[in-house]
Amino acid sequence: MEPPRAPSCLPAVPNIRKVVVVGFDGLEPKLVERLIERGELPNMARLRQQGNFARLATTCPAQTPVAWSTFATGVNPGGHGIFDFIQRDPRTYMPQLALNRYQQTNPFLPPKAVNLRRGKTVWDALADHGLPSVVLRCPCTYPAGDVRGRLLSGMGVPDLRGGLGTSTFYTTAEGIKPREGEAVVRVVPDQHGNIATHLLGPLNGKTRRPAEFEIHVQAGQTPDRVVVRSTGEPRELELVEGRWSEWLKVKFKPGLLQSARGMVRFYLVRGKPLELYASPLNFDPQAPIFPISFPAEYAAELESRLGAYYTAGMIEDHAGLSNGRITEEAFLDQCGQVWRQREAMLFDELARLDEGLLFCLFDTPDRVQHMFWRFTEPDHPANQSAGLRAGFEGVIDEQYRRCDTLAGQVLDQADENTLVIAMSDHGFNSFRRGMHLNTWLHDQGLLAMKPNMRPGDEAGDFFHHVDWSRTKAYALGLGGVYLNLAGREAQGTVSADEAQPLKSQLARTLSGLVDPQTSRVAVRSALAREEVYRGPYTAEAPDLVVNFAEGYRCSWATTLGGVPQGHFEDNTRRWAGDHIIDPLLVPGVLLMNRPFRTKARLTDLAPTILAALGAPIPHAMEGEPLV
């Protein structure tokens, strides 16, 4: 990794007064190249002709919050402190969200949201130079901080219940168990067929029970319709089978002198007997309980101009599709609505852009590829359990064509003073097999279970049956391995002298590891954090980063401290595509309407934007301008 560059102020690219960056999360360069050659992405071909096209080196790991944080700050993760969606608390070994946290120093005052992404952003550096920025939905911008311009927070904004997307499924059937990221509410109609139930809101700080908002579900004029009545807005909301409802705005009272306003959409699966899906509760942009925009009133202004929109960081209801509560058609319908909302925001801001930076992220391509990759591989293990329905084989290509159309619209509105950048943070690949890293560590004698306990379903998640007094290493998150280090972990057993030899041993043993069932290499490499990162926050990274081969990833159980049986398993979930593999295998995409050098890294984008606008490049930024 290159040393930091001395402060510099390069001459501006001639005539550049505006930089417009359109982020398409997860675009895979091999697919872009194929579709360009087939003539299906004419606007990206136009960008390539006017400027250039490159495969963009991504971060390690190739995760959305990690990569976009590097885009924003121009430094590797060791310089901004975001290494994964999930980190562990060394005092308890428990997983916790790595993007932000809540601090409450006084029990009589509400908690304060804290952004865990550090480092100086490109929009901060532009502000120092007197230039404004508009930042729409960049990950790791929650809670919204001060900006010279406007900002709407992206990935990291929770739902009203504090999670990344907790939905509710209402049913009259008995015995329906909740699945991933959802609550199940069994409802019983009265003699007239009417149902009294409630929405589940934020937890009460004392009782830890969710606040409730009363709703009444009544039969509609036809069997495929119901009406939801409440004290929310609107008071009556008609639902039709197979369609998303309009927004229902509600207000909860989670505690004394406390209130929380949110909004929800419904999807009526069946009117009779009732099967009703309620989306995660989004913050109401008119009164979010924590700052989601800057200025604070900007979120409400957007709604006033453009209509209600999703505010949660993870918008698309992938868990609803994974759990079988909504269909592929319903998911794609929602994705289309999300796209149109984001498109409206982009062009609303583009119309009033006079100078500086405009950034807008479109997350939807990433989510669609996660959920529809299996339709490009008929033999994918997920198709054995979820079934392979016809008609979805071209869904991913269609997303790329939609990205191309948008890029063309932006390019058409760009004058000669505008640098247009279309890019993705990482590429994409198949996810066919998962590796149980904790079970592998157990069988290497490095993770110990409590007496009479062995790996398997009964071991559960959250390291519930791990004996820390005899454990030397454990895995958590999407590919990180930690040493049980004395003086750092609560029950650490590995001394400082043992740490380096143990890391080296683990790296050697994991690198090149073969899946015996497929005879394929599952792990390309395992690297000590000192080989990957540098900067003030390197010590917060996992001790080792596991770089998986194509088709592999750490298992679902590994992410939350599970210890299942065996070392590998088929991925049978609908979430069948992924990108958290060796970063060399999943570079992003970079296109500009100005010539640029094609050996490009994510760390180069912030310096490129600053140089184009004639602003000084901070000393800490690691990349170099591409133009």
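Cut-offs and rules
Residues numbered from 1 in each chain as written. Predicted model: local features only at pLDDT ≥ 70, side-chain atom pairs only at ≥ 80, totals over all residues. Heavy atoms only, no water. Pairing = 2+ DSSP bridges. Helix = DSSP H or I, 4+ residues; strand = E, 2+ residues; numbered from the N terminus. 1 Å grid on protein atoms, 1.4 Å probe; cavity = no way out; pocket = protein on both sides within 12 Å on 5 of 7 lines; lining within 4 Å. Points joined across faces, edges and corners; volume = space filled by probe spheres on them. Nonpolar A, V, L, I, M, F, W, Y, C, P; charged D, E, K, R; others polar. Core = buried A, V, L, I, M, F, W, Y, C linked by side-chain atoms within 4.5 Å. Buried < 20%, exposed > 50% of the residue type's maximum accessible area, 1.4 Å probe, protein only. Contact = heavy atoms within 4.5 Å.

A.B. asks: So what's going on with the sheet that holds strand 19 (residues 282-283)? Residues and values would help.
C.D. replies: With antiparallel pairing, 3 strands are arranged side by side in an open sheet as 15-16-19. Two strands close off the open sheet at either side, each with one partner strand: strand 15 (248-252) and strand 19. Strand direction decides the pairing type here: strand 16 (residues 260-264) and strand 19, joined by 2 bridges, are antiparallel. By the bridge assignment for strand 19, Met-263 is matched with Asn-282.

A.B. asks: Let's hear about empty space enclosed by the protein: which residues, and what values?
C.D. replies: By the definition in use, this model includes 5 cavities of 30 Å³ or more. One number sums up the size of the largest cavity: a volume of about 100 Å³. Lining the largest cavity are 18 residues, with Pro-61, Leu-478, Gly-479, Gly-480 and Val-545 positioned closest to its centre. Element by element, the count of residues in the lining of the largest cavity is highest for strand 29 (residues 544-548), at 4 residues. Roughly 70 Å³ of internal volume is contained in the second largest cavity. Lining the second largest cavity are Gly-81, Phe-83, Asp-84, Ile-86, Gln-87, Ala-98, Tyr-482, Glu-540 and Pro-542. Here the residues of the lining of the second largest cavity are counted per class, giving 5 nonpolar, 2 polar and 2 charged.

A.B. asks: How would you sum up the nonpolar core? Please name residues and give values.
C.D. replies: Counting 91 residues, the largest nonpolar core has Phe-24, Val-32, Met-44, Leu-199, Phe-266 and Phe-372 as its most contacted members. Those residues within four positions of Met-44 in sequence are excluded, and the remaining contacts are Phe-24, Leu-27, Val-32, Ile-36, Tyr-400, Cys-403, Asp-404 and Leu-591. Of all hydrophobic cores here, the second largest spans 53 residues; its members include Tyr-93, Tyr-482, Leu-506 and Val-523.

A.B. asks: Summarise the pairing of strand 15; cite the residues concerned and give the values.
C.D. replies: For strand 15, the tally of buried residues reaches 4 of 5 residues, placing the bulk of the element in the interior. Relative to strand 16, strand 15 is paired through 5 bridges, and the arrangement is antiparallel. The partner of Leu-248 across the bridge, within strand 16, is Val-264.

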